[in-house]
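# Geometric and topological summary
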Amino acid sequence: MSEDQFPGWHGTTIIGVKKGGEVVIAGDGQVSLGQTVIKGTARKVRRLSPGGHEIVAGFAGSTADAFTLLERLEAKLEATPGQLARASVELAKDWRTDKYLQKLEAMLIVSDGTDIFVITGAGDVLEPEHDVTAIGSGGNFALAAGRALMDTDLNAEEVARKAMAIAGDICVYTNGNLTLETIKK
């Protein structure tokens, strides 16, 4: 179907902030279809515990695609316990080369409390330069706000909350119903 016939699902902003020995991943709750808000309380940030190691993940894009990727990430983490970077690279390689996975439309922000990565279908595993990263329709707004707030006395959760509020004020596909998960190392 063309974009005209089916406008597609939109509406996710996910931010990851690493500051003061903790990482916070926050996501809004809005899912939109065209100009209509379908759901305002979606939960796009999850806590995973593969092999007893705590991981926090947030996703943007198709929910079914993101869940497929999260399941694959969990399997990679079970095969390489405590090695988030290695598991992320292995997932990105599979995603880039597997014909089925190539069609998945989602992005992930993942953290073990020490490292934080963005994983994309282009085979990228990106570590943010300034300890803040964001994805989704309001991601650039949240990223700009988060980077500006990193030099303040705010902690990681406060930076994430304020950056998401700014993104929600600017992006029509982002609301203020936040899900936050914190992980410390």
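Structure: above.
What this report covers is the structure whose coordinates are included nearby. All of these numbers come straight from a predicted model, not from anything done at the bench.

### A short note on the overall build of the chain
When you go through the chain residue by residue, the secondary structure sums to four helices and 12 strands. Relative to the globule expectation of 16 Å for 185 residues, the C-alpha radius of gyration of the chain, 16 Å, shows essentially globular dimensions. Along the first, second and third principal axes, the C-alpha atoms of the chain reach 45 × 45 × 25 Å. The buried share of the chain, taken over its 185 residues, is 46%. Of all intrachain contacts in the chain linking residues separated by at least 6 positions in sequence, the fraction that spans at least 24 positions is 62%. With 19 positive and 25 negative side-chain charges, the chain shows a separation of 3 Å between the mean positions of the two kinds.

### A short note on the packing of aromatic side chains
Across all of its chains, the model carries one aromatic pair by this definition. With a centroid separation of 5.6 Å and an interplanar angle of 70°, the aromatic rings of Phe59 and Phe67 are classed as edge-to-face. Using a relative accessible area of 32% as the deciding quantity, one classes Phe67 as partly exposed.

### Overview of the sheet that holds strand β12 (residues 179-184)
Strand order across the open sheet formed by four strands is β11-β2-β3-β12, with antiparallel pairing between neighbours. Only two strands of the sheet have a single neighbouring strand rather than two, namely β11 (132-136) and β12. Averaged over all neighbouring strand pairs, the angle between strand axes comes to 10°, with direction disregarded. Bridge analysis of strand β3 (residues 22-27) against β12 gives six bridges, and the strand direction is antiparallel. What sits directly across from Val23, in β12, is Ile183. Against the sheet, helix α3 (residues 139-149) contacts β2 (13-19) and β11, and its axis sits at roughly 165° relative to β11.

### Quick word on the nonpolar core
Burial of nonpolar side chains together is a common tendency in soluble globular proteins. Leu69, Leu108, Val110 and Ile119 are the most contacted members of the largest nonpolar core, which has 21 residues in total. Among the secondary structure elements, those contributing two or more residues to this core are β7 (55-61), α1 (63-79), α2 (84-97), β8 (106-111) and β9 (116-119). Core analysis: the next-biggest nonpolar cluster, separate from the first, contains 17 residues, Ala26, Leu149, Ala160 and Ala167 among them.

### Side note on the sheet that holds strand β10 (residues 125-126)
The antiparallel open sheet is built from five strands, whose spatial order is β6-β7-β8-β9-β10. This sheet does not close on itself; its edge strands, each paired only once, are β6 (45-48) and β10. The sheet contact formed by β6 and β7 spans four bridges and is antiparallel. Note on β7: the bridge partner recorded for Arg46 is Ala57. Sheet contacts for α1: β6, β7 and β8; angle to β7, the most-contacted strand, approximately 150°. Across the sheet, α2 is in contact with β7, β8, β9 and β10; its angle to β9 comes to roughly 5°.

Parameters and conventions
Residues numbered from 1 in each chain as written. Predicted model: local features only at pLDDT ≥ 70, side-chain atom pairs only at ≥ 80, totals over all residues. Heavy atoms only, no water. Helix = DSSP H or I, 4+ residues; strand = E, 2+ residues; numbered from the N terminus. Rg over C-alpha atoms; globule rule 2.2 N^0.38 Å. Buried < 20%, exposed > 50% of the residue type's maximum accessible area, 1.4 Å probe, protein only. Contact = heavy atoms within 4.5 Å. Lys, Arg positive; Asp, Glu negative; His and termini not counted. Charge placed at Lys NZ, Arg CZ, Asp CG, Glu CD. Phe/Tyr/Trp six-rings, centres within 6.5 Å; stacked < 30°, edge-to-face > 60°. Pairing = 2+ DSSP bridges. Axes fitted to C-alpha atoms, helices over the stretch in contact; angles between N-to-C directions. Core = buried A, V, L, I, M, F, W, Y, C linked by side-chain atoms within 4.5 Å.

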